[in-house]
Amino acid sequence: MSLADELLADLEEIAEEGNIDEVGADQDEDGIEDIEEASMEVDTKASSVKSIAKLRDSPELRNVLSQIKYYQDNPRKGEVMGPVEANPEYQLIVQANNLSVEIDNEINVIHKFVRDHYQKRFPELDSLVPNSFEYLGTVKELGNDLERAKNNEKLQEILTNAVIMIVSVSASTTQGTELTPQELATVFEACDMAFDLKQAKTDIFTYVESRMSFISPNLSIIIGASTAAKLMGVAGGLTNLSKMPSCNVLVLGAQRKTLSGFSSTAVLPHTGYIYYSDIVQATPPEMRKQAARLVAAKCTLAARIDSFHESPIGTMGLNLRAEIERKLAKMQEPPPPKQIKALPAPIDQPRKRRGGRRVRKMKEKLGMTEMRKQANRMSFAEIEEDAYQEDLGFSLGQIGKGGTGRVRAAQVDNKTQVKISKSLQRQLHRQQAHGNRSTVRGRETAGTASSVAFTPLQGLEIVNPHAAEMKAKEANNRYFSTMSGFQKVRDAAAPK
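### Some details on the overall build of the protein chain
Each helix and strand counted, the protein chain has 20 helices and two strands in total. With 496 residues in all, the protein chain has 26% of them scored as buried. For the protein chain, contacts bridging at least 24 residues in sequence account for 63% of all contacts bridging at least 6. Accessible surface, the protein chain as shown: approximately 36,000 Å² in total, 54% of it carbon and sulfur.

### Details of the pattern of salt bridges
Applying the stated criterion across every chain yields a total of 16 salt bridges. In this structure, Glu 147 and Lys 150 form a salt bridge, with 4.0 Å as the shortest nitrogen-oxygen distance. Given the relative accessible area of 48%, Lys 150 is considered partly exposed. Of the charged contacts, one joins Glu 370 and Lys 373 as a salt bridge, the two residues approaching to 3.9 Å between their closest N and O atoms. Of this pair, Glu 370 and Lys 373 are both found in helix α18 (residues 370–376), three residues apart, which corresponds to roughly one turn of the helix. We classify Glu 370 as partly exposed; its relative accessible area is 39%.

### So, the packing of helix α15 (residues 288–307) against helix α16 (residues 315–332)
The N-to-C vectors of α15 and α16 enclose an angle of 170°; their axes lie 10 Å apart at closest approach. When the axis of α15 is compared with that of α16, the two are roughly antiparallel. Mapping the contact onto sequence places Gln 290, Ala 291, Leu 294, Val 295, Lys 298, Leu 301, Ala 302 and Ile 305 in α15 and Met 316, Leu 320, Glu 323, Ile 324, Lys 327, Leu 328 and Met 331 in α16. Residues of the contact of α15 with α16, tallied by class, amount to 11 nonpolar, one polar and three charged.

### So, α16
In this model α16 runs 26 Å from its N-terminal to its C-terminal C-alpha over 18 residues, within 8% of the 26 Å that 1.5 Å per residue would give. Every buried residue of α16 is accounted for by Gly 317, Leu 320, Ile 324 and Leu 328. One face of α16 carries all of its buried residues, which in axial projection span an arc of 70°. Residues of α16 that are exposed and point over 90 degrees away from its buried face: Leu 318, Arg 326 and Lys 330. Structurally, α16 contributes buried residues whose contacts are with α10 (217–223), α14 (278–281) and α15.

### Observations concerning the side chain of Ser 170
Among the secondary structure elements, Ser 170 is positioned in helix α8 (residues 161–173). The exposure class of Ser 170 is buried, given its relative accessible area of 17%. Non-local contacts of Ser 170, meaning those with residues more than four positions away in its chain, are made with Phe 122 and Leu 128.

### A closer look at the packing of aromatic side chains
According to the stated counting rule, one finds three aromatic pairs in the structure shown. The aromatic ring of Phe 133 is capped on one face by Lys 198, whose charged end is 4.5 Å from the ring centroid.

### Description of unusual backbone geometry
Backbone geometry at His 309 places phi at a positive 60°, although glycine is not the residue there. Position of His 309 relative to the elements: it lies in the loop between α15 and α16. You can call His 309 partly exposed: its relative accessible area is 33%. A positive phi angle, near 55°, is found at Ser 311, a position not held by glycine. Along the chain, the position of Ser 311 falls in the loop between α15 and α16. Of the residues examined, Ser 311 reaches a relative accessible area of 17% and is grouped as buried.

### Comments concerning a positive patch on the surface
A cluster of basic residues, Arg 354, Arg 357, Arg 358, Arg 360, Lys 361, Lys 422, Arg 426 and Arg 430, forms a positive patch on the protein surface. Elements represented by at least two residues in the positive patch include exactly α17 (357–366) and α19 (422–441).

### Considerations on the packing of helix α4 (residues 88–118) against helix α6 (residues 132–142)
Interaxial distance between α4 and α6 falls to 10 Å at its minimum, and their mutual angle equals 40°. As far as their axial angle goes, α6 and α4 are oblique. As for the relative orientation of α4 and α6, their crossing is left-handed in sense. For the pair α4 and α6, contact is made by Ile 107, Asn 108, His 111, Val 114, Arg 115 and Tyr 118 and by Ser 132, Phe 133, Tyr 135, Leu 136, Val 139 and Leu 142, respectively.

Rules and cut-offs
Residues numbered from 1 in each chain as written. Predicted model: local features only at pLDDT ≥ 70, side-chain atom pairs only at ≥ 80, totals over all residues. Heavy atoms only, no water. Helix = DSSP H or I, 4+ residues; strand = E, 2+ residues; numbered from the N terminus. Buried < 20%, exposed > 50% of the residue type's maximum accessible area, 1.4 Å probe, protein only. Contact = heavy atoms within 4.5 Å. Areas by Shrake-Rupley, 256 points an atom, 1.4 Å probe, with all protein chains shown as cover. Salt bridge = Lys/Arg side-chain N within 4 Å of Asp/Glu carboxyl O. Axes fitted to C-alpha atoms, helices over the stretch in contact; angles between N-to-C directions. Parallel < 35°, antiparallel > 145°, perpendicular 65-115°, else oblique. Nonpolar A, V, L, I, M, F, W, Y, C, P; charged D, E, K, R; others polar. Expected span 1.5 Å × (residues − 1). Arc of directions from axis to C-beta. Phe/Tyr/Trp six-rings, centres within 6.5 Å; stacked < 30°, edge-to-face > 60°. Lys NZ or Arg CZ within 6 Å of the ring centre and 35° of its normal. Patch = residues over 30% accessible without salt bridge, like charges linked within 9 Å, V, L, I, M, F, W, Y side chains within 5 Å. Lys, Arg positive; Asp, Glu negative; His and termini not counted. Charge placed at Lys NZ, Arg CZ, Asp CG, Glu CD. Left-handed = near helix turned anticlockwise from the far one by under 90°.

Below you can see the structure in the form of structure tokens.
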């Protein structure tokens with residue numbers, strides 16, 4: 001409780017007891033003056049950065065930095081004997097690693113403090129420079145004089161040229177007012193405190209990385225000294241870390257976030273220190289969870305190796321890291337091109353097909369006709385007559401191109417003819433034979449018979465085509481008869 005709160009509480013107690021009337025005018029004036037002085041002191045403390053950021057001047061940080069300097073001046077020689085947790089330097093590493101997290105939180109508080117106080121002068125700077133140390137360095141360099149943003153060499157070491165140009169343009173049009181000397185001194189003091197904490201954090205990380213090589217050399221080779229120190233600090237030591245399964249090592253350092261009202265797609269569950277290590281972040285985003293599980297498994301093996309003080313120079317750690325990199329590279333390879341392979345031979349034996357006349361007839365019926373074969377044939381170096389018609393380039397090919405000059409007969413294909421039964425064939429044959437006999441008996445003449453004939457003496461001569469037949473008929477009637485027996489023939493010289 002502050003001094004002003006204590007004075008106010010005392011006055012309330014006096015008023016409740018009824019003794020306020022007995023207090024003299026002099027005492028009232030003295031009490032009011034004390035309250036005003038106390039309130040001024042509270043405002044002064046609230047306006048100072050030391051009231052909210054006390055880590056820089058804390059004895060804990062000074063003690064850790066002094067021990068770090070001592071061990072840097074007197075490096076350890078030889079291997080660690082016995083449990084590593086009993087080593088005082090190991091305890092210092094764990095304490096320094098935990099202290100680095102507090103330094104990050106303190107820097108964030110100081111950044112918010114400077115931003116709240118400097119908005120009076122340049123309110124647009126917070127949106128233009130979001131990074132903490134870049135913002136603090138810009139505030140320290142500009143101060144009240146915003147014209148210094150142009151052609152400032154120190155500012156070029158902090159910001160890029162594009163950001164400097166935007167800051168200078170915004171500074172010329174800002175509506176902020178200048179800070180008082182006391183306010184400006186408070187802001188500069190906060191900036192100096194943030195830079196001192198940053199330097200302390202750098203010293204701590206440098207020391208931790210240099211000393212992790214003899215405490216856990218194999219684990220440090222895989223994920224780095226800083227991440228290895230964080231894992232051991234959360235797990236409670238290297239021995240406890242070596243007893244954990246890889247699924248628990250994977251979630252060490254995971255933070256539970258309550259995003260009420262926000263989308264859950266931004267939350268990454270089961271992501272701890274290993275997920276944000278350099279070897280995992282170097283992989284594509286879609287493979288980072290798989291890479292984190294692989295690294296956690298190898299880190300568990302490396303922690304067990306370090307807990308038994310095996311491979312002090314980190315040979316096993318190098319082998320494990322090479323295996324991790326080989327597997328990660330294998331995961332990132334594109335899939336091999338798909339090769340066209342022949343179908344395997346069928347397991348079933350080929351079935352025997354029935355042959356014979358029926359199968360041959362079926363093949364002939366379903367096969368390609370002669371007309372189709374002729375249509376598919378083309379003459380070499382010869383343009384077809386119907387090659388440029390509109391029916392998708394259909395051509396008759398060699399149909400009707402016999403080359404003999406004679407009248408082409410109709411294209412008849414025995415395969416496409418109508419099939420008739422044998423009984424019908426026999427009946428047709430009988431009818432044809434009966435018609436031939438009736439034609440002979442009726443003495444019908446052929447249609448090509450003509451009464452014009454060629455003779456060697458007269459040339460063309462008109463003759464009767466039935467004369468020869470009539471002469472033969474008379475001879476038959478004279479000498480032959482259908483009656484039974486013989487016909488008596490008389491001699492011409494004999495008397496009648």
